[in-house]
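As a plain string of letters, each chain reads:
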Amino acid sequence: MANLTDYQNDLRKIERNIAEIGSPSDTDRATRRAYGLYQHAALTGRLDEFTAAEAAIAEAFDQVGSWPDLCLVKANLDMKFHRLQGAKRALAMAPGLTESFPGRTVWADIHLQEGRYGQAKQMCEALIAENRTWDNLARLAYWESKFGRIEDAEVLYTEAEEEITAKEMRGYAWVQLQKGLLHLRRGRYEQAAVHYRRAADAYSGYWLVEDHLAELYGSQGKYDEAVALYERVLAENSRPELQQAFGELYAAMGEECEAEKWFDKALAGFLEASANGGVHYYHHLVDFFSDVREDASAAVAWGRKDFELRRNFGTEAALAWALYRNGHIEEADEMMDCALGSGVQDGHLFAKAATIKAAAGRSHESAQLSGRAFALNPHHQGFHVHRS
Amino acid sequence: MADHNDPNAVNTIFSDVDVSAADLYDLFGFPSADTAGGEKTVIALTMAAVPETGIFDSDMLYRVQMVAAPRVSWTGVEEQTLDTLLKYFSSVKDKYLSAYKAAEIRVTVDADGRAQLAFLRFPGGDFSKTVATNKVETITTPGGHSIKVYIGGREEAFFNDLPGFFRSINYAPQFYHVPQSMTEARELPIPKTLIELEGNYLFNFDPATPQWGKTMKKDLPPGPWTWTGDKFKKDENGNYRFVYDGEDARAGKNCNAIIFEIPLAFITQDTARNRIVNSWGESWVLKAAHKVETIPDEPFWHQHPWALLDGSHSDEQLKRYKLVDTDGLPFADAALSEREDNRQLGANNFWLAPHFITRLAHLGWGFGPSITALGLQTSFDHDNSPVSVHKTYSNPIAAFPRVRKTLFQKLNMPDDSWNPKGMKIPLRRAFEIFVPNVCATDMDTTGSWPFGRRPEDQVATRFLALFLDMEAELNGRKYHVETLGDPALWNSAPIVPETPPNPLKNDKEFLDHFPYLAEPW
């Protein structure tokens, strides 16, 4: 029997755990089963698995009621799919859960998603002071990176690494990917590569690592390598955002027919999920209709939906761009000012802001923003994946 | 913004990290009966048998630290005050942090089952050895000393009624499925006690589910998790219900063990003066970063990791690992440090000294009244409370008067067998035992707890004896550390079941020769 990769080993372990539980007969088993299915889905990233996990959670709630750990799993699942109100409700279902350490961790993410940046940071810092877990150090690192404190972010990711043991290589690999992204978003490809390769060494066979490597290769113009990796990733996981990324790679290569095939699949996936009540692809749809297959009014419609769901610099900037694409320059300008007012530091955002400012007749600001975009990432106009 | 790839994609909501290999069980320390060639001390560190009995996790590093020191006892001349106590702790802290330079033996086991041992900071200098696991090996040191080593699987040497102990402290996770997210649901705010409280349905023995707390758990009911009663529970015959049943919860189980028999002359150059071997153990797990670090791809390094180790690099070695667990005294963690991760300070638990005082008082308010109810004398001042009380203290000043006797009284031994040479060795006092958190083996004794710890010592029962008044008498004999282990006491006590709290013997006979712990099942 061939050696399994680390990723495969972890999946087998989770599958064995779920199989051992069988039909859950008590709170503990029901929770562990639901959690196991969630873990498996989080690892594979497959949307159908998340659906199964959600069904198991609902079944467990019927069986055992609002057991706090189950509520926590539900809250995390909701957060993953941008269902912020759902996450809040899940936390509120179990007395004391909101105030608990893991409950407050979820709330730190909610604050960030809803644009309460200061509160998100304070909460992260308080959680770290209470118990220095690697994931909260990583959360704080992410926060710092978004607001331009890259060195602080790197230090925090390194501190997160220090808290991760050899029993948590998947976590270590993930932190390496975040470190790599810090460099990639600054156009520092070689440094990004170092971290991505370290992630691959740490945790073998993980599609997420290959996805990040594919983006890096695409950014560097190493198209053959990027295509090979995307094909492998998509064989494992056919999420529409991965399909869109693959399409954009082909577009960058000038292969429009291939690109369109993948865009068709991506769009179908986005729309199907949204038609089924999912809200997690709203921001992808804004982006898709703004820049991939231009339909500006559709972009604005999806943009407003996402903005209503969670108001933060990401949704503000996306809506601003959609409005610009739809010719609503003044409104676009105002919305982009909201995004810029957060203090976010992002090359792609600055580039779009520069374009909007120029259209709004604010050429001086436009030039400044262009300069800042270029300073942050000289390659910001090249191939990249929309991860946030 | 916080895309689909957030930490929760990889971070488990509930820790499913297998830390069992790092879970230390016990530390034994006693003088070896084999004095051929000189005095020797036995130090045995046991841990969870993970991944299997006799197989060690290659990501782990274990440290057995030791320092030999003179026998120092509190003179008793000073007043028994909190100030005296804190000064004593401070003086011990200074010794450990400056004067004492602990030596250590570091142990890692590779994927092939070979154990790499590094002997550091011993008087004869640093050196390393590789030994096979699961067999007794003898190492010859550069100075010519012979050290016996056993790194492998053994029968689990701890024998106690663990569910009974957890019942006595109302520890929810033993009896209930407790949400991992609800960390406050551990020791519930119900008085500790040795005998059941009337109406304490959350923990009292349930004849309908005799395996509750042993092989099965119930779902934690909604709160409040308190007790509003005012008396101990009595049956129709007027007997109290013991929270213990004396059964060995660890029977039939195995552990992994790191066992040394070390000449005292190897540990200290002044064997005449340094009669106490203080030892403690630690478990460390490799950090992820160092599992993938780009080290030279040379077979020599992989096979001889200690070759690059010298005094200046030893801290560099340890920086690659993360401390997980510590072990010194039995029950220092479970009973006194309340199992909190941030209290895993090992020998350096001086900073916890005020906490120990308040914690001991908290336990005393529970155990003390229940000892009195059984007709025994307690060392704890509970103002003749007719029932156990749940009381906590925020500072040691208020707590101290209640536990003064508990802390300062000499702990009587059952007979003189612990002192085979008949030397003038003072009996130990509780405050001397728990700070620092080490196994202090007195080489002029048999090492019977608290003068060390021998495998056959029933330390769980001896710990409870701290709450007995050592000046009181039972059948003409002063109370001692084994009083609560005497079946005759329980046979005449108004209690069911009539049993000492913990088993009197291990389920398997210990060996009378190295490695002393029994063969695994």
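Considerations on the pairing of strand β5 (residues 60-69) of chain B
All names here are of chain B.
- Burial runs high along β5: ten of the ten residues are buried.
- Here β5 shows a buried face lined by Met60, Tyr62, Val64, Met66 and Ala68 and a second buried face lined by Leu61, Arg63, Gln65, Val67 and Ala69.
- As paired elements, β5 and strand β15 (residues 276-286) share ten bridges and run antiparallel to each other. The residue bridging Met66 from the neighbouring strand is Ser279, located in β15.
- Examined bridge by bridge, β5 and strand β6 (residues 103-109) share five bridges and lie antiparallel to one another. Opposite Val64, over in β6, you have Ile105 as the bridge partner.

Here we look at the pattern of salt bridges
- Applying the stated criterion to the full structure yields 75 salt bridges over all chains.
- One salt bridge in this structure joins A:Lys121 and A:Glu125, with 3.9 Å as the shortest N-O distance. Taken together, the residues A:Lys121 and A:Glu125, both in helix α7 (residues 117-130) and four residues apart, mark about one turn of the helix.
- Here B:Arg71 ties to B:Asp442 by a salt bridge, and the two come within 2.7 Å at their closest N and O atoms. Note that B:Arg71 is positioned in the loop between β5 and α2 (82-99) and B:Asp442 in strand β17 (residues 439-442), a separation of 371 residues in sequence.
- The partly exposed category is assigned to B:Arg71, whose relative accessible area is 27%.

Quick word on the sheet that holds strand β2 (residues 40-47) of chain B
Residues and elements named next belong to chain B.
- In spatial order, the strands read β1-β2-β14-β10-β9; together these five strands make up an open sheet with antiparallel pairing. With partners counted over all chains shown, the strands left at the sheet margins are β1 (24-31) and β9 (137-140), one partner each. Put simply, the sheet's adjacent strands are angled 15° from each other on average, direction ignored.
- Bridge analysis of β9 against strand β10 (residues 146-155) gives four bridges, and the strand direction is antiparallel. Bridging from a neighbouring strand, Thr140 pairs with Ser146 of β10.

Structural notes on the packing of aromatic side chains
- According to the stated counting rule, one finds 47 aromatic pairs over all chains in the structure shown.
- Ring centres of B:Phe242 and B:Trp490 lie 4.6 Å apart, and the angle between their planes is 25°; this geometry places the pair in the stacked category. A residue pair is termed long-range when its members are at least 10 positions apart, and B:Phe242 in the loop between β13 (240-241) and β14 (254-263) and B:Trp490 in helix α14 (residues 487-491) qualify at 248 residues.
- Each residue in the set A:Phe263, A:Phe270, A:Tyr281, A:Phe288 and A:Phe289 is aromatic and connected to the rest through ring pairs, giving one cluster.
- Between B:Lys218 and the ring centre of B:Trp212, over which it is positioned, the NZ or CZ distance is 3.9 Å.

Some words on helix α14 (residues 240-252) of chain A
Residue and element names in this part refer to chain A.
- The terminal C-alpha atoms of α14 lie 18 Å apart, and with 13 residues this matches the ideal 18 Å at 1.5 Å per residue to within 8%.
- By the criterion of burial, α14 is predominantly enclosed, with eleven of the 13 residues buried.
- Here α14 has its buried residues at Pro240, Glu241, Leu242, Gln243, Gln244, Ala245, Phe246, Gly247, Glu248, Leu249 and Tyr250.
- Residues of α14 that are buried make contact with α3 (47-64), α12 (207-220), α13 (223-236), α15 (256-275) and α16 (282-292).
- Of the residues flanking the end of α14, it is Gly254, one or two places downstream, whose phi is positive at about 85°.

A short note on the state of the cysteines
- Inspection of the entire model under this criterion finds zero disulfides over all chains.
- Unpaired in this structure, B:Cys255 has its nearest cysteine sulfur neighbour in B:Cys439, at a distance of 16 Å.

Conventions we followed
Residues numbered from 1 in each chain as written. Chains lettered and ligands numbered in written order. Predicted model: local features only at pLDDT ≥ 70, side-chain atom pairs only at ≥ 80, totals over all residues. Heavy atoms only, no water. Buried < 20%, exposed > 50% of the residue type's maximum accessible area, 1.4 Å probe, protein only. Helix = DSSP H or I, 4+ residues; strand = E, 2+ residues; numbered from the N terminus. Pairing = 2+ DSSP bridges. Salt bridge = Lys/Arg side-chain N within 4 Å of Asp/Glu carboxyl O. Axes fitted to C-alpha atoms, helices over the stretch in contact; angles between N-to-C directions. Phe/Tyr/Trp six-rings, centres within 6.5 Å; stacked < 30°, edge-to-face > 60°. Lys NZ or Arg CZ within 6 Å of the ring centre and 35° of its normal. Expected span 1.5 Å × (residues − 1). Contact = heavy atoms within 4.5 Å. Disulfide = S-S within 2.5 Å.

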